[in-house]
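One letter stands for each residue in the lines below.
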Amino acid sequence: DTVCDAQSEFKALPVAKISEPTVEMTFSVNDSPFAGREGKFVTSRQLRDRLFKELLKDVSLRVTETENSDSFSVCGRGEMHLSILIENMRREGYELSVSTPRVLYKEIDGEKCEPMELLVVDVPEDCVGSVMEKMGTRKAEMLTMHPQGSRMRLEFSVPARGLFGYKSEFLTDTKGEGIMSSVFNGYEPYKGDIPRRKTGSLVSFETGEAVTYGLYNAQERGSLFIGAGTPVYEGMIVGVSPKSEDLVVNVCKKKHLSNTRASGSDDALRLIPPRKLSLEESLEFLADDELLEITPDNIRIRKRILSNQMRAKSKAKS
């Protein structure tokens, strides 16, 4: 709005258009076995007050209450927009759990439409092929491509949901030398299904503390996110499996004592350094049946249904 003297000859300034939210996430009270251990603000009332307070200064954010009093639907302009809010809340002492990001669809002229992004990438010449291949599977359309010295600059029109989880793949494909940025580019008709994460999760079998022997056996089945001495609970995700299905592993398993056990046998177990995920990488990793537990001290990925037995029954019914 333009505020001025009513008798002034000045014309009102054009109204600044605020971009509409394109991505939605569910923010919930943390209900994991470790809830309340690290945060100062853990109740649904405190979570609600903080989210609605954010609306006073963030005009592009939308917060709505759900049927569940412990959960809130939070809509923003992108994955990064919401991850900044999550990080700020974490540093302020809040505990919460968040769902995987979902795009907001619109119906335009009776047709289902989805938000599109204009993606600009700058990559070494020898990496162009792998980037174009990944963009093809994510329903992207290449707009321009031109060389800049020994590098190539490409522009794509890609569905917003096609960029979920792509940043880490992009850095791997370009050996860490690629640069990417994107901006909202309107709505277009739905582009069809896009394959999600092809890897499964390594899920903790029991609650306890991860030990070297259990981790050594688990690392043969995938890449780990945790090291020895890390507290874990049943249903917590401790690593990624190269196979498409989830694997339950017992990282708390200790070696049984025996008369023939050598005194230095445990020292011979060499653990591969764990892969530490940032907040953005954790959000990208999430599958639809997983949640991200946020506390001031830790970021943990977990299954929605923590019980391994209950999760197996639920999967069998579906």
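All figures in this text were calculated on a predicted structure; none of them were measured in a lab.

> What am I meant to see in a nonpolar patch on the surface here?
On the surface, a cluster of nonpolar side chains totalling about 240 Å² of accessible area is made up of Met132, Met142 and Met145. With respect to the element layout, Met145 can be found in strand S8 (residues 141–148). Of the residues examined, Met145 reaches a relative accessible area of 40% and is grouped as partly exposed.

> Can you walk me through the sheet that holds strand S11 (residues 200–204) in this structure?
As a general point, the strands of a sheet are linked pairwise by backbone hydrogen bonds and lie either parallel or antiparallel. In spatial order, the strands read S13-S15-S11-S16; together these four strands make up an open sheet with mixed pairing. What marks the edges here is a single partner per strand, and that holds for strand S13 (223–224) and strand S16 (247–249). Bridge analysis of S11 against strand S15 (residues 237–241) gives four bridges, and the strand direction is antiparallel. Bridge pairing links Val203 to Ile237 in S15.

> Honestly, helix H1 (residues 44–54) in this entry has me stumped. Any pointers?
For an α-helix, 3.6 residues make a turn, and residues three or four places apart therefore share a direction. For H1, every residue scored as buried is listed here: Gln46, Leu47, Arg50, Leu51 and Glu54. Seen from one end, H1 has its buried residues packed into an arc of 130°, which puts them on one side. Along H1, exposed side chains directed more than 90 degrees from the buried face belong to Arg45 and Lys53. In this structure, the buried residues of H1 make contact with strand S1 (23–28), strand S2 (62–65), strand S3 (71–76), helix H2 (79–92) and strand S4 (96–98).

> I keep staring at the side chain of Thr26 and nothing clicks. Help me out?
Looking at where Thr26 falls in the secondary structure, it is placed in strand S1. Looking at Thr26, its side chain comes within polar contact range of the side chain of Arg102, at 3.0 Å. Every residue in contact with Thr26, bar those within four places of it in the chain, is listed here: Ser71, Phe72, Ser97, Val98, Ser99 and Arg102.

> What's the story with the packing of aromatic side chains in this structure? I'm lost.
The geometry of two aromatic rings is summed up by the distance between their centres and the angle between their planes. Within the structure shown, the criterion is met by six aromatic pairs. On the numbers, 5.8 Å between centres and 50° between planes, the contact of Tyr166 with Phe170 is tilted. Taken as a pair, Tyr166 and Phe170 lie in helix H4 (residues 166–173) at a separation of four residues, close to a single helical turn. Here the aromatic rings of Phe184 and Tyr187 are separated by 5.8 Å at their centres, their planes lie at 75°, and the arrangement is edge-to-face. Over the face of the ring belonging to Tyr190 we find Lys112, whose NZ or CZ atom lies 4.4 Å from the ring centre.

Calculation rules
Residues numbered from 1 in each chain as written. Predicted model: local features only at pLDDT ≥ 70, side-chain atom pairs only at ≥ 80, totals over all residues. Heavy atoms only, no water. Patch = residues over 30% accessible without salt bridge, like charges linked within 9 Å, V, L, I, M, F, W, Y side chains within 5 Å. Areas by Shrake-Rupley, 256 points an atom, 1.4 Å probe, with all protein chains shown as cover. Salt bridge = Lys/Arg side-chain N within 4 Å of Asp/Glu carboxyl O. Helix = DSSP H or I, 4+ residues; strand = E, 2+ residues; numbered from the N terminus. Buried < 20%, exposed > 50% of the residue type's maximum accessible area, 1.4 Å probe, protein only. Pairing = 2+ DSSP bridges. Arc of directions from axis to C-beta. Contact = heavy atoms within 4.5 Å. Polar contact = N/O pair within 3.5 Å; in protein donor to acceptor, adjacent residues only side chain to side chain. Phe/Tyr/Trp six-rings, centres within 6.5 Å; stacked < 30°, edge-to-face > 60°. Lys NZ or Arg CZ within 6 Å of the ring centre and 35° of its normal.

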